[in-house]
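Overview (structure and organization)
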Amino acid sequence: MAQGSTRPTSRDVAQAAGVSQAAVSLVLGGKWRGRVSETTAERVRQAARELGYRPNLAARNLRLGHTRTVLLVVPALTTEFFAGVYTGAARIAAQNGFGVVLYPSPEGIGPARNPFASAQAALDGVIASSMAADALTAIRGDQLPLVMLDSDPNGSLGAATVNLDITDGVRQVAEHLLTLGHRRILHLAADVASWTFEVRARELAARIGAVPGTSLLTIRAPISIEGALTAAETALSAKGPRPTAIICDDDKLAAGAYKAVRRLGLRIPDDISVTGLDDLALATAIDPELTTVRLDAELFGERGMQALLAVLEGRELEGGDIPVQLVVRGSTAPPSAP
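The structure displayed is predicted, hence computed values, not measured ones. (Residues numbered from 1 in each chain as written. Predicted model: local features only at pLDDT ≥ 70, side-chain atom pairs only at ≥ 80, totals over all residues. Heavy atoms only, no water.)

A separate point is the overall build of the chain. Tallying secondary structure elements over the chain gives 12 helices and 11 strands in all. Burial status across the chain gives 47% buried among its 338 residues. For the chain, restricting intrachain contacts to residue pairs at least 6 apart in sequence, the fraction spanning at least 24 positions comes to 71%. In the form shown here, the chain has an accessible surface area of approximately 16,300 Å², with 50% of it arising from carbon and sulfur atoms. (Helix = DSSP H or I, 4+ residues; strand = E, 2+ residues; numbered from the N terminus. Buried < 20%, exposed > 50% of the residue type's maximum accessible area, 1.4 Å probe, protein only. Contact = heavy atoms within 4.5 Å. Areas by Shrake-Rupley, 256 points an atom, 1.4 Å probe, with all protein chains shown as cover.)

Structure below.
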């Protein structure tokens, strides 16, 4: 290494490996195949590891005209789910020399102000949740390489879509409750215009409707504990046979349903069963612990970033929907006698 230098350079790597700087650039830039032998490439990588060499991405980006920066557009960060998505995306990005900028779209006040004078100049690509799709207009994100999360693959703005298998999650919940014997079911649906919630409603109606003697009532509420409390209390107080189970579109809605059930003097799961969907930390903080569907937020973020890398590199996207898992806890039981 050069006298007095604290950071190894490509010249140091070239000297250690006994090759030219051009060969170092080819190998560490991933463009060596057909131009440098496998043995030489491994020698360069080994020298770089031993020296602790890291490419100067800023200089490289200026030459290539890229910033190696990706924007992750999500709804307002009101739960830890999208924090997990960010963690997963950032992990894969870092492994590939990219950075991730988080852009939460504030709830209830429309898209946030565009943080970039020119998104096209500042970004290489965008990963966006369908729940925050409106924010794409403000930043012109739909004019960049785009991967959509939780989005209709047949009508997506993106070059690729990455989805959790929400359909199967709803199927697991419905079959669990039907097997327990529930026939009068309340669907506490998220009052959000988003493909992922449309899928939940459609699949639930199909599953419940396929069993004779069942009834399904759907009510909508904003994704908040207070909103869910009000909606659930109103529905449970209505005349006629009371539902024996409440299926909630997410865990926060389920927490509101818990409060409504208790306010009416009922017990969970003795008088009414409740399910969620997300498996947030909240699910095990309430009593009884919540039966819900576990969504792997970090894997979701990882797959989103991997999909964007594939788009940027012109590769085919691998893998199908991300599996989800029903987690049965204490909030569900067979219905009590009518």
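Another point: the environment of Gly84. Within the element layout of this structure, Gly84 appears in helix H5 (residues 81–95). Residue class for Gly84 comes out buried when judged on its relative accessible area of 11%. Along the chain, Gly84 and Glu298 lie 214 residues apart, while their C-alpha atoms are 4.7 Å from each other.

Before going further, it helps to examine the nonpolar core. Ranked by size, the top nonpolar core spans 42 residues in total, and within it Phe81, Val85, Leu164, Leu295, Phe300 and Met305 carry the most contacts. The residue makeup of this core includes at least three contributed by each of domain 2 (69–163 + 298–312) and domain 3 (166–296). In contact with Phe300, not counting residues within four places along its chain, are Phe81, Val85, Leu149, Asp150, Val162, Asn163, Leu164 and Ile322. Judged by nonpolar contacts, the second largest core, of 28 residues, contains Ala221, Ala228, Ala232 and Val261. (Core = buried A, V, L, I, M, F, W, Y, C linked by side-chain atoms within 4.5 Å. Domains from an automatic or database assignment.)

What follows concerns the pattern of salt bridges. Proximity of charged atoms lets side chains of opposite charge pair with each other. What the rule picks out here adds up to 15 salt bridges. Of the charged contacts, one joins Asp168 and Arg171 as a salt bridge, the two residues approaching to 2.6 Å between their closest N and O atoms. On the criterion of helical spacing, the pair formed by Asp168 and Arg171 is a turn pair, its members being three residues apart in helix H8 (residues 166–180). Via salt bridges that share partners, Asp168, Arg171, Glu175, Glu203 and Arg207 belong to a single interconnected network. (Salt bridge = Lys/Arg side-chain N within 4 Å of Asp/Glu carboxyl O.)

Turning to the sheet that holds strand E5 (residues 160–162), a few remarks are in order. Read across the sheet, five strands follow the order E2-E1-E3-E4-E5 without closing on themselves; strand pairing throughout is parallel. Both outer strands of the open sheet, strand E2 (99–105) and E5, are each paired with one neighbouring strand and no more. Pairwise comparison of adjacent strand axes, ignoring direction, gives a mean angle of 20° for this sheet. With four bridges connecting them, strand E3 (residues 125–129) and strand E4 (residues 146–149) associate as parallel partners. Within E4, the residue paired with Val126 across the bridge is Leu146. H5 contacts strand E1 (69–75), E2, E3 and E4 of the sheet and is inclined by roughly 160° relative to E2. Of the strands in this sheet, E1, E3, E4 and E5 touch helix H12 (residues 297–313), which is tilted by about 155° from E4. (Pairing = 2+ DSSP bridges. Axes fitted to C-alpha atoms, helices over the stretch in contact; angles between N-to-C directions.)

This paragraph deals with the pairing of strand E8 (residues 245–248). Along E8, one buried face is formed by Ala245 and Ile247 and the opposite face, lined by Ile246 and Cys248, is buried too. As judged from the four bridges shared by strand E6 (residues 184–190) and E8, these two strands associate in the parallel manner. Each bridged residue has a counterpart across the sheet, and for Leu186 the counterpart in E8 is Ile246. With three bridges joining them, E8 and strand E9 (residues 273–275) adopt parallel strand pairing. Residue Ile247 lies in a different strand from E9, and its bridge partner there is Thr275. Viewed along the sheet, the connection from E8 through helix H11 (residues 251–263) into E9 turns out right-handed. (Right-handed = clockwise from strand over helix to strand, strands pointing away.)

Omega for the peptide link from Ile268 to Pro269 comes to 5°, which places this bond in the cis form. As for its position among the elements, Pro269 is in the loop between H11 and E9. Looking along the chain, the bond that leaves Asp287 and enters Pro288 is cis, with omega of -5°. Summarising the element assignment, Pro288 is placed in the loop between E9 and strand E10 (292–294).

Of the residues in the chain, 83% reach a pLDDT of 70 or more, and the chain-wide mean stands at 85. When the criterion is pLDDT under 50, residues 1–5 qualifies, and its contacts beyond four places in sequence or with other chains add up to four contacts. Between residues 57–65, whose pLDDT stays under 50, and residues either more than four places distant or in other chains, the model counts seven contacts. (pLDDT = per-residue confidence, 0-100.)

Below, the discussion takes up the sheet that holds E6. The four strands are arranged E7-E6-E8-E9 in an open sheet whose pairing can be described as parallel. Strands with a single pairing partner mark the edges of an open sheet, and in this sheet they are strand E7 (215–221) and E9. With strand direction ignored, the average angle separating the axes of adjacent strands in the sheet is 20°. Across the sheet, helix H10 (residues 225–236) touches E6, E7 and E8, and the angle it forms with E7 is around 145°.

The next thing to look at is the packing of helix H1 (residues 10–17) against helix H3 (residues 38–51). Each pair of packed helices can be summarised by the angle the axes make with each other and by the distance between the axes. Remark: H1 packs on H3, axes separated minimally by 9 Å, with the N-to-C direction vectors making an angle of 120°. The angle between H1 and H3 falls in the class oblique. The hand of the H1/H3 crossing is right-handed. In this structure, H1 contributes Asp12, Val13, Ala16 and Ala17 to the contact, and H3 contributes Arg43, Val44, Ala47, Ala48 and Leu51. Residue composition of the contact of H1 with H3, by class: seven nonpolar, no polar and two charged. (Parallel < 35°, antiparallel > 145°, perpendicular 65-115°, else oblique. Left-handed = near helix turned anticlockwise from the far one by under 90°. Nonpolar A, V, L, I, M, F, W, Y, C, P; charged D, E, K, R; others polar.)

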